[in-house]
Amino acid sequence: MDLKEKLVSSFMAFEGQIDVDAPVHEIRSEAIKVFEQKGFPTKKEESWKYTSLNALLKNDYTVFPKEESALQFQDVKKYFLHEIDSYKIVFVDGIYSSYLSETSHEGLDVCLMSAALSKPKYRLIIDNYFNKIAPKDDGLTALNTAFSREGAFINIPKGKVVEKPIQILHFSTGKESALMLQPRNLVVVGENAHVQIIERHQSLTENPVLTNSVTEIHANRNSIVDYYKIQNDAQTASLIDNTYIAQKKHSHASVHTFSLGGNITRNNLNFYHLDERIDSTLKGITIIGDKQHVDHSTLVHHAQPNCESHQDYKGIYADKSTGVFNGKVLVDKIAQKTNAFQQNNNILIDDRAVINTKPQLEIFADDVKCSHGCTIGQLDEEALFYLQSRGIPSKEARALLMYGFANNVLASVKIDEVKKRIKKLIAMKLNVNIGFEL
Amino acid sequence: MLTIKNLHAGIEEKDILKGINLQVNPGEVHAIMGPNGSGKSTLSSVIAGKEEYEVTEGDIVFEGENINEFAPEERAHNGIFLSFQYPVEIPGVTVTNFIKTAINETRKARGLEEMPANEMLKLIREKSELLEIDRKFLSRSLNEGFSGGEKKRNEIFQMAMLEPKLAILDETDSGLDIDALRIVSNGVNKLRSKDNAVVVITHYQRLLEYIVPDFVHVLLDGKIVKSGGKELALELEEKGYDWLKQELSV
């Protein structure tokens, strides 16, 4: 039985575990039908031309998380930003770990999707926001919707500036020989509210993990949302991250994606503008090697006038790694005075490394400023000689050049600890012992 | 300190240096002059170890050690410094971060501990004052958007920080206005001692009024064709290189 069949036939068993009378169950039932019809994407689809899931789909995944596995904080501390005070929503093998978490209902909700989906007091918010921006016809998103039960639920009321960042962490322990996870997050940010979120998926063993995550973010009027995705997973862990952001008037939303590890990582990042004067920022640093694969497929839909979007993705590819940047900017006819900028710069360290970069601009308005640029190159030999002539050894000189190349993206990171952590991870990834500080 | 014996070097089968001999002792200042294309910059790059040049014959001996096969960073660790004619722009790496890395990597190679942060800052402050460099300038990306004069001052600032035994200044005067020229040469002069040496590579005599050489060598078509004292530079300025070419062909 292939994975698709297995998932579809598991749905009945899944229904046995959940409240089928809950209103969201109708959404789930619809979604499984969509997944049954669409299945997993193949390379025949234009948007999946360069990313194949075939090898991943062959594993015999356990598709339901079972009971909680105990993890000691000391063992996983290094994956947290533990230097700063934060809220934490932590899952181990897909099950919420109250022990590792630090949630809240005081003045805001930082809690669990399972609670939001079942408790009457969240009924209205679920009715208004759940599965509203995730597209109904996408196979992977539908699969997640069908099995949506757990994940992070973050609800920031009007005017609330959340002082502490919120960390969402998913650990997998390897208790199952292969594990598939379907985390589902919902983030609702009220008018004038401000929130910062950091998300990370971490497998702790060699056993294969496939995570198909869906996150819906609603940035209401005047709100600010800053989202950081730290992707530095084990070589056997793969991630399909589907993130959908709907923005209202004067809202600012940014997503920074740092892809430094993992097996296959696909980031589907989608921004929708529902009103005017919106600002969207999409930035990423990708540094991979071996046979790793990272695919950034972004969409910014400018559907209203006077909005801005800023995209800047830097990629460094070593060994036989492959990268994809597929950046779509859609400017509707009414979206006059749009400013849309897109940059994708890549360095190939090895002859065997490959990057497929494809800016896709569809502009129907006539009074807009849209720019895009993509470059693919090697490290500058003259610059390398310059650094070496100052006593910096070849390996460190290369690392410094690569760091400098990617550094621009870090400038817009607002949490210092995130910045420090990423610099440290970059140094680790480049295998050098230089602190990119000062 | 530096002994170059019958050095032949080139790039992709093209011979550029055709038998250079040069002896530089501690405390000396040598000027190497010559017209465009005579091999001046190649000589400085070859001494600093640029890999695209191939040494086909001869030896470069520094402090008693043949360094022909040394990587550029090893030469730097041994005390050779090259001030670039065209300093390279390195986006995303600040001047401070760069110099800090250079110093600590050099110390590491010499078996020393990293320089403590406060000591580093003190040194940076001291040396940037010597070169009249604004503090703000130090947090900018290395050479990115710098004017010609700023780039050259920054080169000498790095030299001051790294305290090399042998400094090669490749066309450091090009693109400098009179004030920058004064600052740069003043910096170089302050760094001179009986233990280190400077090789000034230049097209014009102008810089040599500020950094006064003990020896002047004329490079023509990959060979040193004439050596003399500082008066040779004046003679060249007056008569031009054609005079020398004619004299040699006679």
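What counts and what doesn't
- Residues numbered from 1 in each chain as written.
- Chains lettered and ligands numbered in written order.
- Predicted model: local features only at pLDDT ≥ 70, side-chain atom pairs only at ≥ 80, totals over all residues.
- Heavy atoms only, no water.
- UniProt positions renumbered as here; feature names shortened; annotations may be inferred.
- Helix = DSSP H or I, 4+ residues; strand = E, 2+ residues; numbered from the N terminus.
- Buried < 20%, exposed > 50% of the residue type's maximum accessible area, 1.4 Å probe, protein only.
- Contact = heavy atoms within 4.5 Å.
- Domains from an automatic or database assignment.
- Buried area = accessible area lost by both parts, 1.4 Å probe.
- Salt bridge = Lys/Arg side-chain N within 4 Å of Asp/Glu carboxyl O.
- Pairing = 2+ DSSP bridges.
- Axes fitted to C-alpha atoms, helices over the stretch in contact; angles between N-to-C directions.
- Polar contact = N/O pair within 3.5 Å; in protein donor to acceptor, adjacent residues only side chain to side chain.
- Disulfide = S-S within 2.5 Å.
- Expected span 1.5 Å × (residues − 1).
- Bend = angle between axes of the 7 residues up to and from the residue.
- 1 Å grid on protein atoms, 1.4 Å probe; cavity = no way out; pocket = protein on both sides within 12 Å on 5 of 7 lines; lining within 4 Å.
- Points joined across faces, edges and corners; volume = space filled by probe spheres on them.
- Phe/Tyr/Trp six-rings, centres within 6.5 Å; stacked < 30°, edge-to-face > 60°.
- Lys NZ or Arg CZ within 6 Å of the ring centre and 35° of its normal.
- Parallel < 35°, antiparallel > 145°, perpendicular 65-115°, else oblique.
- Left-handed = near helix turned anticlockwise from the far one by under 90°.

Labelled according to an unreviewed UniProt entry, chain B appears under the name ABC transporter, ATP-binding protein, originating from Zhouia amylolytica AD3.

Labelled according to an unreviewed UniProt entry, chain A appears under the name FeS assembly protein SufD, originating from Zhouia amylolytica AD3. Taken from UniProt, the Sequence similarities (unreviewed entry) comment for chain A reads in full: "Belongs to the iron-sulfur cluster assembly SufBD family."

For chain A, the count of helices and strands is 10 helices and 20 strands. Each principal axis of the C-alpha distribution contributes one length, and for chain A these read about 70 × 55 × 45 Å. Considering chain A as a whole, with its 438 residues, one finds that 61% of them fall into the buried category. In chain A, of all internal contacts separated by at least 6 residues, the share reaching a separation of at least 24 is 83%.

Moving on to the domain arrangement of chain A. Residues and elements named next belong to chain A. For chain A, the assigned domains read domain 1 (1-232 + 245-263), domain 2 (276-378) and domain 3 (379-438). Placing a centre on the C-alpha atoms of domain 1 and another on those of domain 2 gives a separation of 24 Å. Listed by partner, the interface residues are 21 residues for domain 1 and 23 residues for domain 2. Buried area between domain 1 and domain 2, summed over both chains or domains, comes out near 1800 Å², and the portion from carbon and sulfur atoms is 46%. The interface formed by domain 1 and domain 2 contains one salt bridge. In this structure, the salt-bridge partner of Lys358 is Glu46, at a minimum N-O distance of 2.8 Å.

Residue and element names in this part refer to chain B. Pairing within the open sheet is antiparallel, and its four strands lie in the order E2-E1-E4-E5. The open sheet has two edge strands, strand E2 (14-24) and strand E5 (65-66), and neither has a second partner. Bridge count for strand E1 (residues 2-11) against E2 is eight bridges, and the pairing is antiparallel. When the sheet's bridge partners are listed, Ile4 is paired in E2 with Leu22. Strands E1, E2 and strand E4 (54-62) of the sheet are contacted by helix H1 (residues 40-48), whose axis makes an angle of about 110° with E1.

With that settled, the discussion passes to the interface of chain A and chain B. Residue-level contacts link 26 residues of chain A with 35 residues of chain B. Between chain A and chain B, the buried area comes to about 2400 Å², and carbon and sulfur atoms account for 63% of it. With its nearest N and O atoms 2.6 Å apart, the salt bridge here joins Arg390(A) to Glu155(B). The interface formed by chain A and chain B contains 11 residue pairs in polar contact (both at pLDDT 80 or more).

With that settled, the discussion passes to unusual backbone geometry. Glycine aside, residues mostly have negative phi angles, and peptide bonds mostly take the trans form. A positive phi angle, close to 55°, is found at Arg277(A), a residue other than glycine. Residue classification places Arg277(A) among the partly exposed positions, given a relative accessible area of 46%. One non-glycine residue, Asp221(B), lies in positive phi territory at about 45°. Turning to its location among the elements, Asp221(B) is positioned in the loop between strand E11 (215-220) and strand E12 (223-228). For Asp221(B), a relative accessible area of 52% gives the class exposed.

As a further point, take the state of the cysteines. Residues and elements named next belong to chain A. Enumeration according to the criterion identifies zero disulfides over all chains in this entry. Not part of a disulfide, Cys307 finds its nearest cysteine sulfur in Cys370, a span of 12 Å. Distance from the sulfur of Cys374, which forms no disulfide, to the nearest cysteine sulfur (Cys370) is 15 Å.

Its location among the elements puts Ser45(B) in helix H1. Accessibility expressed as a relative area gives 10% for Ser45(B), which makes it buried. Counting along the chain gives 128 residues from Ser45(B) to Asp173(B), while the straight-line C-alpha distance between them is 17 Å. Beyond its immediate stretch of four places on either side in the chain, Ser45(B) contacts Phe385(A), Lys50(B) and Tyr53(B).

It is worth spelling out the pattern of salt bridges at this point. Residue and element names in this part refer to chain A. Counted according to the given criterion, the structure contains 32 salt bridges over all chains. Salt-bridge contacts for Lys420 lead to Glu417; the nearest nitrogen and oxygen are separated by 3.6 Å. Here the residue Lys420 and the residue Glu417 both occupy positions in helix H10 (residues 416-429), the gap between them amounting to three residues, near one helical turn. What makes Lys420 partly exposed here is its relative accessible area of 43%. What you see here is one network of salt bridges that share partners, running through Asp85, Lys88, Glu102 and Lys164.

As recorded in UniProt, the feature "domain: SUF system FeS cluster assembly SufBD core" (unreviewed entry) lies at residues 177-405 of chain A. The span residues 177-405 of chain A shows a helical share of 9% and a strand share of 59%, and its end C-alpha atoms are spaced 39 Å apart.

Residues and elements named next belong to chain A. Along its 17 residues, helix H9 (residues 394-410) runs 24 Å from first to last C-alpha, staying within 8% of the 24 Å computed at 1.5 Å per residue. The largest bend in H9 is about 35°, located at Gly404. A large share of H9 lies buried, amounting to 13 of its 17 residues.

All right, on to the layout of surface pockets then. Residue and element names in this part refer to chain A. Roughly 700 Å³ of internal volume is contained in the largest pocket. Considering the residues around the largest pocket, the lining is formed by 29 residues, among which Ser47, Trp48, Asp138, Arg266 and Asn270 are closest to the centre. Looking at the lining of the largest pocket, the elements with two or more residues in it are helix H7 (139-146), strand E11 (237-247), strand E13 (264-273), strand E15 (293-302), strand E17 (322-331) and strand E19 (354-363). Two domains each provide a minimum of three residues to the lining of the largest pocket, namely domain 1 (1-232 + 245-263) and domain 2 (276-378).

Evaluated as defined, the whole model comprises 16 aromatic pairs over all chains. On the basis of an interplanar angle of 15° and a centroid distance of 5.8 Å, the ring pair of Phe14(A) and Phe64(A) is categorised as stacked. Of this pair, Phe14(A) sits in helix H1 (residues 3-17) while Phe64(A) sits in the loop between helix H3 (54-57) and helix H4 (73-76), placing them 50 residues apart in sequence. Across the pair, Phe64(A) and Phe14(A) agree in class, each one buried. The interplanar angle of 50° and the centroid separation of 5.4 Å between the aromatic rings of Phe385(A) and Phe84(B) together place this pair among those described as tilted. Taken as a pair, Phe385(A) in helix H8 (residues 381-388) and Phe84(B) in the loop between strand E6 (80-83) and strand E7 (90-94) lie in two separate chains rather than in one. Sitting over the ring of Trp48(A), Arg266(A) keeps its end group 3.7 Å from the ring centre.

Residue and element names in this part refer to chain A. In the contact formed by H1 and helix H2 (residues 24-38), the axes pass within 10 Å of each other and the chain directions differ by 165°. Comparing the axis directions of H1 and H2 gives the class roughly antiparallel. Pair H1 / H2 crosses with left-handed handedness. In this structure, H1 uses Lys4, Leu7, Val8, Phe11, Phe14 and Glu15 to contact H2, whose residues at the interface are His25, Arg28, Ser29, Ile32, Phe35, Glu36 and Gln37.

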